[in-house]
Every structure is written in C-alpha cells, then in structure tokens.
Amino acid sequence: MHAPVAAGTLRPWRRALGTLILVLGLVLLALRAWQALPWEDPRLLGALAGGGMAALATALGTLPVLLRQQMSQRTCDTLLGFGAGVMLAACAFSLVLPALAAAKAQGAGPWGAGGLVGSALLLGAALLMLIDRLVPHEHFVKGTEGLRARSLRRAWLFVLAIALHNFPEGLAIGVGYGGADHFGANALATGIAIQDVPEGMVVALALRSVGYGRWLSAGIGIASGLIEPVAAVMGAALMTVSVGLLPWGLAAAAGAMLFVISHEIIPESHRQGHEAFATGGLLLGFVLMMVLDTALG
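From a predicted model like this one, the values you see are computed outputs, not experimental measurements.

### Structural notes on the overall build of the chain
Argument step 1. The helix and strand inventory of the chain stands at eleven helices and two strands.
Argument step 2. Along the chain, helices and strands appear, N-terminal first, in the series α-α-α-α-α-β-β-α-α-α-α-α-α.
Argument step 3. Within the span of the chain, comprising 297 residues, buried residues form 43% of the whole.
Argument step 4. Put simply, 81% of the contacts in the chain that link residues at least 6 apart link residues at least 24 apart.
Argument step 5. By element, 72% of the accessible surface of the chain is carried by carbon and sulfur atoms, the whole surface being about 15,100 Å².

### Details of the packing of aromatic side chains
Argument step 1. Counted under the stated rule, the structure contains one aromatic pair.
Argument step 2. A cation sits over an aromatic face here: Arg74 above Phe277, 4.5 Å from the ring centre.

### A closer look at the side chain of Asp77
Argument step 1. If you trace the backbone, Asp77 turns up in helix α4 (residues 73-105).
Argument step 2. Arg74 provides the closest opposite charge to the buried, salt-bridge-free Asp77, at an N-O distance of 8.6 Å.
Argument step 3. Not counting the four nearest positions on each side in its chain, Asp77 is found in contact with Glu268, Ser269, Gln272, His274 and Ala278.

### What to know about the confidence of the model for the chain
Argument step 1. Summarising the model, the chain shows a mean pLDDT of 76, and 73% of its residues fall at 70 or more.
Argument step 2. Here strand β2 (residues 143-145) is the element of the chain with the lowest mean pLDDT, 49, and helix α2 (residues 42-61) is the one with the highest, 88.
Argument step 3. Here residues 146-154 scores under 50 on pLDDT; set against residues more than four positions off or in separate chains, the count is 16 contacts.

### Some points on the nonpolar core
Argument step 1. Leu95, Ala172, Ile173, Ile192 and Met257 are the most contacted members of the largest nonpolar core, which has 52 residues in total.
Argument step 2. Secondary structure elements with two or more residues in this core: α2, α4, α5 (110-134), α6 (154-178), α7 (182-209), α9 (227-241), α10 (246-270) and α11 (275-296).
Argument step 3. If you tally residues by element for this core, the top one is α4, at twelve residues.
Argument step 4. Beyond its immediate chain neighbours, meaning those up to four positions away, Ile173 contacts Ala47, Gly50, Gly51, Ala54, Leu188, Ala189, Ile192, Glu228 and Ala232.

### Side note on α9
Argument step 1. Relative to the 21 Å expected for 15 residues at 1.5 Å per residue, α9 spans 22 Å between its end C-alpha atoms, a close match to the ideal helical length.
Argument step 2. Regarding α9, the residues found buried are Glu228, Pro229, Ala231, Ala232, Val233, Gly235, Ala236, Ala237 and Met239.

### With respect to the packing of α4 against α10
Argument step 1. Packing of α4 against α10 leaves a shortest axis separation of 9 Å and a crossing angle of 160°. Our classification of the angle between α4 and α10 gives roughly antiparallel. Classified by chirality, the crossing of α10 by α4 is left-handed.

### Overview of the UniProt feature "transmembrane region" (unreviewed entry) in the chain
Argument step 1. Mapped onto this numbering, the UniProt entry annotates "transmembrane region" (unreviewed entry) at residues 45-67, 79-101, 113-135, 155-177, 219-239, 245-265 and 277-296.
Argument step 2. Counting secondary structure, residues 79-101 comes out at 100% helix and 0% strand; the distance between its end C-alpha atoms is 32 Å.
Argument step 3. With 95% helix and 0% strand, residues 245-265 has its two end C-alpha atoms placed 29 Å apart.

### Remarks on the packing of α4 against α5
Argument step 1. Running from N to C, α4 and α5 point in directions that differ by 130°, and their axes come no closer than 9 Å. By the angle class used here, α4 and α5 are oblique. Considering the relative orientation of α4 and α5, their crossing is right-handed. The residues of α5 that touch α4, namely those facing Val96, Ala99, Leu100, Ala103 and Lys104, are Pro110, Ala113, Gly114, Val117 and Leu121.

What counts and how
- Residues numbered from 1 in each chain as written.
- Predicted model: local features only at pLDDT ≥ 70, side-chain atom pairs only at ≥ 80, totals over all residues.
- Heavy atoms only, no water.
- Helix = DSSP H or I, 4+ residues; strand = E, 2+ residues; numbered from the N terminus.
- Buried < 20%, exposed > 50% of the residue type's maximum accessible area, 1.4 Å probe, protein only.
- Contact = heavy atoms within 4.5 Å.
- Areas by Shrake-Rupley, 256 points an atom, 1.4 Å probe, with all protein chains shown as cover.
- Phe/Tyr/Trp six-rings, centres within 6.5 Å; stacked < 30°, edge-to-face > 60°.
- Lys NZ or Arg CZ within 6 Å of the ring centre and 35° of its normal.
- Lys, Arg positive; Asp, Glu negative; His and termini not counted.
- Salt bridge = Lys/Arg side-chain N within 4 Å of Asp/Glu carboxyl O.
- pLDDT = per-residue confidence, 0-100.
- Core = buried A, V, L, I, M, F, W, Y, C linked by side-chain atoms within 4.5 Å.
- Expected span 1.5 Å × (residues − 1).
- Axes fitted to C-alpha atoms, helices over the stretch in contact; angles between N-to-C directions.
- Parallel < 35°, antiparallel > 145°, perpendicular 65-115°, else oblique.
- Left-handed = near helix turned anticlockwise from the far one by under 90°.
- UniProt positions renumbered as here; feature names shortened; annotations may be inferred.

Right, dumping it as structure tokens:
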C-alpha cells in the first residue's frame, strides 16, 4: 500500500502549474491583440522600429559584462546621471513642448493648454507611483519595496524594477510616433536609445556584483529592454484611436519618465558619494539630448 503524498509537497507543483497556465494565457492574449493591430499604419511600424532600437541599445550596454570588463562605481554613477540628463531633456523638448503645441493646435488657449498638459503629466506620474507601490521590486542599493517583496527571488525583483524603468520610455517612444512630428519622434527614440546603453550596462554590472553569472546578468539586462518595443506599440496604438489623445499621451509619458528620473535614477546615482560626477553626467546628457532634438527636430 502506497504512502499518501503529503499535501505540502503538492502545493509548490500546483502553484507552479497555476503560474504556468496564467503566463500561457497572458501570452496567448498578447498574441491575439498583437495580430489585431493595424500594422498597415506607419505610426505603429515607426514605434516598433524606435522601440526596437532602444532594446538593441540596452543589449549593447551589456557587452562589457560578457567581455569581463569591470567598471568603477564612480563610472556607473556618472553613466546613471548621464542617462537621467538625456531623459530630462527628452521630457522637456520631445514630450512636454510638443504636448503644449498639440493642445494649442486643438483649440486650447495658453492657460487651457498648460492646465491640460500639467494635469496629464501629474496623472502619468501618479500612475507610475501607484505601480511602484504595488509591484514588488528591488532597488540596487535601497533594497526591496512593494507588497510581498521579500518572498520573491531577487532576480525577478530586479527584472520588475527594470521594467518599471523601461516601460515609460517605450510608451513615450510610441506616443511620439503616434503624432505628426516624425522628426521629433526620431529624436526622442534616438535619445532614449543613447541613454539605454549605459542603463543596460549598469543593470548588468549591478546584477553581476550581487553574485549572478555574467551570461545570466547580460541575459536579464537584454531581456529588460524588450519591454520597450511592446510599450512603444501600445503607445502608438493608443494614439491611433483619437488624435485628441495626443497631448494627454505625450504629457502622461513625460510625467511617468520624470517620476522614474526623480524616484529611481538620480537617488541611485547619489548614494555612493559621487554626486559631483553624477551631476556632471546629468548636465552632459541634458545638453546632448537638447542639441540632438534641435538638430533632428
């Protein structure tokens, strides 16, 4: 007579099976939604290309880990500051200013355009703040945050944190291509791709520093960039629904990016005592993106 199987030994398998079924269901739903998109629309194709460029830049940033190159913490903090500067300039010149122009083009006066863009910006930041509070994730220095964070493996916490960084960037690319200013959208996508190179490098190096293998660290860093083309297509698809959503979408994407800059990137770059280098990197990144936006726009 066989001994009964303990209920405790079945629970992990049931949980794993349930998680697998849920993931497969979400993948199937995503594939159906992907197939239903109007791919003949050039705005979606542009968003996919721009998001793909950002994902490729993130992957390129992981090469030093694969080549076994070590980097000082001061250099990492400088690169984080550089990325923050690029994103700040992208928010100002590629998102907020076009959002104000789009609102005025739709008939809003100066006060109305400012109020609309300001409200949408706060809404985008509030949404990211809510996600930040609810989704378990881990900062590289600060530690765990979110519900049930301590019960999850650190690798997945890093992945979720990176997704919080990259989603608004991809969304901003898609919203940019959803408008009529394709030169501005190209500048935005190029700027985000530039700052994704050091971001991918810092992410992979941070994972490597806490004990992960170099191939796993690089692989997670590369995977972290794949959310950007998906988010870009989502943003562009939203803009195809109604042109009236353009100023809202641009400003909300700017608010989400500003939240990430202030809540995640700048604090991380200042925690190791390299504030001067991080600030210098920020200024250089801001100027580079400003010149790039002016030249391409």
